[in-house]
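As a plain string of letters, each chain reads:
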Amino acid sequence: MTNLILLGPPGVGKGTQAKLLIEKFGIPQISTGDILRAAVKEQTPMGVKAKGYMDAGALVPDAVVIGIVEERLAQADCQKGFILDGFPRTVAQADALGQVLSGLDRCVDHVISLAVDKAELLKRLTGRRACPKCGAVFHIDYAPPKVAGICDSCQTELFQREDDKEATILHRLAVYEEQTAPLIAYYESCGLLRSVNGLGTVDGVQTEILSAIQA
Ligand code: AMP
């Protein structure tokens with residue numbers, strides 16, 4: 001069983017690395033950002049409430065995201081393990097996660113802390129483009145689609161996430177520093193933290209993550 005948390009600022013590559021880890025371990029990725037975006041798209045009551053926070057680059061209230069994760073962790077496909085991507089983002093969320101897991105007689109095995117410098121984060125986020133239909137993610141410089149602006153898989157027109165506009169990104173990074181970065185010390189103090197440099201190729205970073213988990 002592998003219960004993992006991917007910790008790091010927006011744009012560091014948590015989602016990309018999580019998708020590779022799914023293949024490797026056969027365990028699901030739980031991305032609170034993806035779950036919230038799906039709720040916004042479907043205009044569920046939760047989505048309607050979350051949209052304003054997300055577009056502004058602010059955090060959705062703890063109670064909402066904790067509820068999402070609690071419900072998701074109880075599902076059968078999480079029995080063999082899980083990869084949390086974008087959760088926890090506050091100390092209150094980390095405390096709640098610990099309680100939910102101990103109620104299930106489980107615990108976090110590893111917290112992978114990914115880091116890259118701010119200039120690189122900005123470049124990665126402002127260049128990110130996503131497919132509204134199939135969810136594929138591209139980058140205008142690092143992973144361009146074959147035809148500019150069009151999804152390789154389903155030929156749908158790509159879009160830029162509202163919260164990937166530069167002013168909102170700067171706010172998201174400030175929110176990260178203030179509310180999420182303290183989790184590095186939080187998980188370090190319980191011996192779970194594994195630090196990995198997020199610069200380099202996707203495969204190179206994946207190899208480092210795997211050796212950090214196995215060390
Ligand atoms: P992400 O795709 O992980 O960058 O998340 C996009 C947005 O969803 C964030 O900027 C927040 O508004 C919201 N969100 C995602 N995960 C959380 C979380 N754990 N706590 C609070 N808000 C979250």
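Residues numbered from 1 in each chain as written. Predicted model: local features only at pLDDT ≥ 70, side-chain atom pairs only at ≥ 80, totals over all residues. Heavy atoms only, no water.

A. Molecular detail of the overall build of the chain. Tallying secondary structure elements over the chain gives nine helices and seven strands in all. Against the compact-globule benchmark of 17 Å for 215 residues, the chain has a radius of gyration of 17 Å, which places it among compact chains. Taken along its principal axes, the extent of the C-alpha atoms in the chain is 50 × 40 × 35 Å. Relative to its 215 residues, the chain shows a buried fraction of 47%. Within the chain, residue pairs in contact and separated by at least 24 positions form 69% of the contacts whose partners lie at least 6 positions apart. Of the roughly 10,600 Å² of accessible surface on the chain, a fraction of 55% belongs to carbon and sulfur atoms. Each charge class in the chain was averaged separately, 22 positive and 26 negative side chains, and the resulting centres sit 4 Å apart. (Helix = DSSP H or I, 4+ residues; strand = E, 2+ residues; numbered from the N terminus. Rg over C-alpha atoms; globule rule 2.2 N^0.38 Å. Buried < 20%, exposed > 50% of the residue type's maximum accessible area, 1.4 Å probe, protein only. Contact = heavy atoms within 4.5 Å. Areas by Shrake-Rupley, 256 points an atom, 1.4 Å probe, with all protein chains shown as cover. Lys, Arg positive; Asp, Glu negative; His and termini not counted. Charge placed at Lys NZ, Arg CZ, Asp CG, Glu CD.)

B. Structural view of the sheet that holds strand β3 (residues 81-85). With parallel pairing, five strands are arranged side by side in an open sheet as β2-β3-β1-β4-β7. Strands with a single pairing partner mark the edges of an open sheet, and in this sheet they are β2 (29-31) and β7 (193-197). Along the sheet, successive strands turn relative to each other by an average axial angle of 20 degrees, direction set aside. Pairing between strand β1 (residues 2-7) and β3: five bridges, direction parallel. Across the sheet, L6 pairs through a bridge with D85, a residue of β3. Across the face of the sheet, helix α1 (residues 14-25) comes into contact with β1, β2, β3 and β4 (110-115) while running at roughly 165 degrees to β1. (Pairing = 2+ DSSP bridges. Axes fitted to C-alpha atoms, helices over the stretch in contact; angles between N-to-C directions.)

C. Quick look at the site of the ligand. Surveying the vicinity of the ligand reveals 16 residues, the closest of which are T32, R37, A58, G86 and Q93. Here a nitrogen atom of the ligand and a backbone polar atom of V60 are 3.0 Å apart. Interatomic distance of 2.9 Å between a backbone N/O atom of G86 and a nitrogen atom of the ligand. No other element matches the four residues that helix α2 (residues 32-42) contributes to the shell around the ligand. Looking at the shell around the ligand residue by residue, the classes come out as seven nonpolar, four polar and five charged. (Near = heavy atom within 4 Å. Polar contact = N/O pair within 3.5 Å; in protein donor to acceptor, adjacent residues only side chain to side chain. Nonpolar A, V, L, I, M, F, W, Y, C, P; charged D, E, K, R; others polar.)

D. The arrangement of the packing of helix α5 (residues 91-103) against helix α8 (residues 182-189) in detail. Packing of α5 against α8 brings their axes to within 10 Å, and their N-to-C directions diverge by 35 degrees. For the pair formed by α5 and α8, the contact residues are V91, A94, D95 and L97 on the first element and L183, Y186 and Y187 on the second.

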